Amino acid sequence: MFELIPEISPWLVEMIQAITVITIFAGLCGALLGYASVYFKVEGDPIVEQINAVLPQTQCGQCGHPGCKPYAQAIADGEAINRCPPGGEAGIKSLANLLELEIIPLNEECGEESLPRVAFIIEEECIGCTKCIQACPVDAIVGTAKQMHTVIVSECTGCDLCVPPCPVDCIEMPFVETNLINWRQQKPNYQSIELH
Amino acid sequence: MNSMHKNTTLNATYKFHGGIHPTENKLISSSSSIVKLEPGKLFRIQVNQSSVQNVEQTIDIIVTKGQKVVLGEVLTSFQSSINLLNVPVHSPCNGTVLEIELFSCGHKSSLPEMTIIIQANEETPHETSVTKLKNKWTEESQKSLINKIRNAGIVGLGGATFPTHVKLSSPLSSDSINPATLIINAMECEPYITCDDRLIRDYANKIIEGALIVSRIVNCEKIVFAIEDNKPEAVLAIQESIKQITEIELGLSILVAPTKYPSGGEKQLIQIVTGQELTKQQLPKDLNILVQNVATLFAVYQAIVLNRNLTERLVTITGDLVDEPGNYWIPFGTPFSEIITKFNISKKDLDFIIIGGPLMGQKISSFDIPTSKKVNCLIFNKRIVKVEVKDCIRCGECETVCPIKLLPQQLYWFSKSEQWKPMEQLDLKACIECGACDYVCPSDIPLVDYFRFAKSEVKHLLFKEKASELSKQRFDNREKRLNRIKLARKAKQKKATQDRKKASENKSIDPDGKKTAILDALNRVKNKTKQKNETNTGLSNEE
Amino acid sequence: MRNNPFATNTRTTNQLMLLVCAGLIPGAITQFYFFGWGILINLILCGVFAISAEALVLKIRKRSILKTLKDNSALLTGLLLGLAIPPLLPWWMSFIGVYFAIIFAKHLYGGLGYNPFNPAMIGYVLLLISFPLAMTNWLPTSELLTLKPDLMQSIELTFFGVTNDSLSNISKNVTDIKTLADGFTMATPLDHIRTSLTQGFMLSEIQSQSNENVAFTINSNSWIWVNIAYLVGGIYLLFLKIIRWHIPVSIMASMVVSSIFLSMLDDQIYLSASDHLFYGASMLSVFFIATDPVSASTTQKGRLVYGALIGFTLIMIRTFGSYPDAFAFAVILLNIASPTIDHYFRPKVYGTNITGKKIPIKIMDDNLQKDNLRGNDFKDDHNE
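Residues numbered from 1 in each chain as written. Chains lettered and ligands numbered in written order. Predicted model: local features only at pLDDT ≥ 70, side-chain atom pairs only at ≥ 80, totals over all residues. Heavy atoms only, no water.

As for the domain arrangement of chain A
How big an interface is tends to be stated in terms of the accessible area lost upon association of its parts.
Residues and elements named next belong to chain A.
In step 1: Domain annotation of chain A identifies domain 1 (46–110) and domain 2 (115–175).
In step 2: For domain 1 versus domain 2, the separation of C-alpha centres amounts to 26 Å.
In step 3: Residue-level contacts link 4 residues of domain 1 with 5 residues of domain 2.
In step 4: Area buried by domain 1 at its contact with domain 2 is led by Thr-58, Gln-59 and Cys-60, which between them contribute 87% of it. (Domains from an automatic or database assignment. Contact = heavy atoms within 4.5 Å. Buried area = accessible area lost by both parts, 1.4 Å probe.)

Put into structure tokens, the structure is as follows:
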């Protein structure tokens, strides 16, 4: 029978040789990849952790998700990266670098980027209802029922979530004041300099 | 040991990488002798005049509005503060406290600082008439000397204003390679400034005595007086004063280094004197070295020997617009406007004042700002020249002159594109902001500004990361707490439903609950009799 | 406005570029003397094209034209390209080369300071690959020519390709001009040597000082003079500290080392070191092209490596590659590598080079006083 092969096709032998070699090679590679995928498997989704590390952790919900971790998960599943106002442009840039996506401007519907704020409870008007304490995502308000509530300034992320629940509207959101410690230098952007 | 005391003047053998040679412009102000400036009427003294930030909140101001104060009276106290870096300030004149308020004192951010404003009301007595008593300090304990230095308000007067008592707080050790050394920094490498030069020429003895006091405090074995070679008269003065010292137990020598900027920087000075480089974690005291400026040593002398608090310093007033440039004793708190009137400087020719030298100084446009411990020179030059900033041509000159051997060009590119992580790898933190790279840049790019911007942004980024880490932790803790509460509630509910179910079952069998009560009673009796029988048999067994 | 420093040394980028153009003058004059009016026409044409290309691109990019033109970098690119291309090259070829260099190789990357490749060399390579015949058509030195074209004739040749021979009134083109008295053409020395080597001649025969070889000797001498002139210009730049010594010295050193190594293997096939250094456009590329600060390596140690590799590549392509003179390719290949070289050859930052060995402070030690003590005359002999 093998004498008939050259008649069927003069290149059959070469073809069979080529196909066999490539198949064996592909099989080896596939086996190697399969072994690697099992042996080097990483539990969980590391990209979600990396995205979460970039997000500012204010847990404000302006992106539409209840916290930063769910938004990180959503980004890993394909959501747009421009929904975080506290992270601002710098945050979008870091996410774009991390995920190798395009840098897009901040989504206006989610809010606008502003200077950092802190919450401040006007103590004369507070009635001690604890609604703001339950709303704060980082437990930055100290107080209990019928007692004075106050905001721990160093813990407050300025997320605004305590303002709507307050029934007497006694929470203000002033800007964080600039002092000699947290003062930031401007980027030099001039066309000419002065000399002697 | 007298054999150690020899008047040796040596030339420096080591040098540091890079450096520039700007035009010195020192002869304008160094040829005239020191003059004491007429005291002014109004003084504004900042409460925090040392380089340590975040100390304002822990300083107590012990004078009140309307209180009368005398020259040298202490205005702030640190007794109740836990911050060990506080240094008090003193009144520069006899007068009344007018106000204690926030005033913008020339910080580059233009933010206001707490300032005490004093109105002078009579002739402030001249220095020498205040006290003629000289303390003998050789028997005093080191701790009391350090306390005296702190109480006198002495900070590093070379321009960096680091609290001196902190630098002197731990004694130096000695080993075979590096003996405990005090290096006196008389380099004054920056153009225009000549206050240290004149101070040495006129007060060499007192500076040497100040150096001896400091060496006693930190147990030095050697003193090196490091000076640049453009100050020959100062070298002669020091040589004369060393000759007059009869008994001394330390090695004292003068090291003359070639004039190069920035040889006055602490790291570069240590490299010139010892040839060694400090690693990033090391401080000079790890190499058993202490560096002090001459003006600081003079202040130490005045504080320890003459009991005088630090209320004034020698300031170089120079520039084209000044009619009599030179070095003047100016009390702290003198507003620049008074200096402008005293020296007949025409305000319309003056665009801004430079505090310090042209390379590391600061530009001031408001003339109400007072002098302070940081101000060692004031330059009043005519209208300036504007030069255009061009693109970087990557010529590499900046790298050639950098004394820290950084790559300013790469730092510039990264700073411009706001990439902060690569800058950390390029050792941005090691930059001393000397301005040498800026000086040689042919495209006149403001490199030092970019680096300062980058440093501030990196600091801000670090702060943000810490804050977000903290928020994340608190958020996670809160989630855990809420989960715990939810689970506990669920478990309670489950238990309650089970109990209810059981109760309803029991009710169907035993509607009044009498049957269960009877059963329980019978069980109790059974158990009791069982127990009694067991104890009886136990007793019988023992017998 | 900005803060400290408030002083600067007065040399600006504009002056730097202008001084580099000035350094080209000795070489340009020598080239003009030996190769005729074509060189001058090329220089002027390429300069004009370069400036006009830059102005056009700046207009499209909406940047300030005068401010950017003042930094003389376009002028420098034009002049370099003008000196690298053969004289009497058709004007539209220089036009294409210069415009491509300025627009594509410089401004499309962002302008001055942003281009990874040397623009003049990109333009040169484009022309070399697209018009190989015209670009390798170097005139022999004017001493050897039968018809030496004067200014008007050179202009006509550059713009129209033909000119009238005033004596015989026949129109001639560049190939006719190139033909010598006895009918054969002579190209650059490197070209001639390469073709003769492939025909089987040995170097001693090609370079002999015999009567048959007069044409080659005269031609190669003029090229040696041109290179010496560029060397003089380069030393002038070094003296003014416009370029630093690292790149030129390392290129020349590695050229010398590679060619000595090769000629030790067989000195009849491989050119000697001095030939490599003084034939072709070696000195022009060593001092003016490879030292272009924007595309070269920036760290000092990196520059030594960069230069060494350029020299090596140059010799390799000249000897084993298919082009007789390959400075453009060598420079471009190393431009690709310069970021990597920069990354690996960074200087050791202060404080990171501690080897653990500490040097003792050499003062106040009685034994060492003799070495260090200089008494009171400290004013003399301090360095810098």
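What to know about the sheet that holds strand E10 (residues 222–228) of chain B
All names here are of chain B.
In step 1: Pairing is parallel in the open sheet, where 5 strands are placed in the order E1-E11-E10-E9-E12. What marks the edges here is a single partner per strand, and that holds for strand E1 (8–11) and strand E12 (289–293). With direction set aside, neighbouring strand axes in the sheet form an average angle of 25 degrees.
In step 2: In terms of strand pairing, strand E9 (residues 181–186) meets E12 through 5 bridges, oriented parallel. (Pairing = 2+ DSSP bridges. Helix = DSSP H or I, 4+ residues; strand = E, 2+ residues; numbered from the N terminus. Axes fitted to C-alpha atoms, helices over the stretch in contact; angles between N-to-C directions.)

With respect to the sheet that holds strand E17 (residues 377–379) of chain B
Residues and elements named next belong to chain B.
In step 1: One open sheet holds the 6 strands; their spatial order is E2-E14-E13-E17-E15-E16, and the pairing between them is mixed. Every other strand in the sheet has two partners, leaving strand E2 (35–36) and strand E16 (362–364) as the edge strands with one partner each.
In step 2: As judged from the 2 bridges shared by strand E15 (residues 353–355) and E17, these two strands associate in the antiparallel manner. Its bridge partner lying in E17, Ile-355 is registered against Leu-378.

Structural notes on the interface of chain B and chain C
In step 1: In this complex, chain B contributes 83 residues to the contact, which on the side of chain C involves 57 residues.
In step 2: Summed over both sides, the interface between chain B and chain C buries roughly 6,300 Å², with carbon and sulfur atoms accounting for 55% of that surface.
In step 3: By the criterion of area lost to chain C, the three top residues of chain B are Asn11(B), Ile393(B) and Arg394(B), representing 10% of everything that side buries.
In step 4: Taken together, the links from chain B to chain C amount to 1 salt bridge.
In step 5: With a shortest N-O distance of 2.9 Å, Arg244(C) and Glu397(B) are connected by a salt bridge.
In step 6: The interface formed by chain B and chain C includes 14 residue pairs in polar contact (both at pLDDT 80 or more).
In step 7: Considered class by class, the residues forming the side of chain B that touches chain C number 37 nonpolar, 23 polar and 23 charged. (Salt bridge = Lys/Arg side-chain N within 4 Å of Asp/Glu carboxyl O. Polar contact = N/O pair within 3.5 Å; in protein donor to acceptor, adjacent residues only side chain to side chain. Nonpolar A, V, L, I, M, F, W, Y, C, P; charged D, E, K, R; others polar.)

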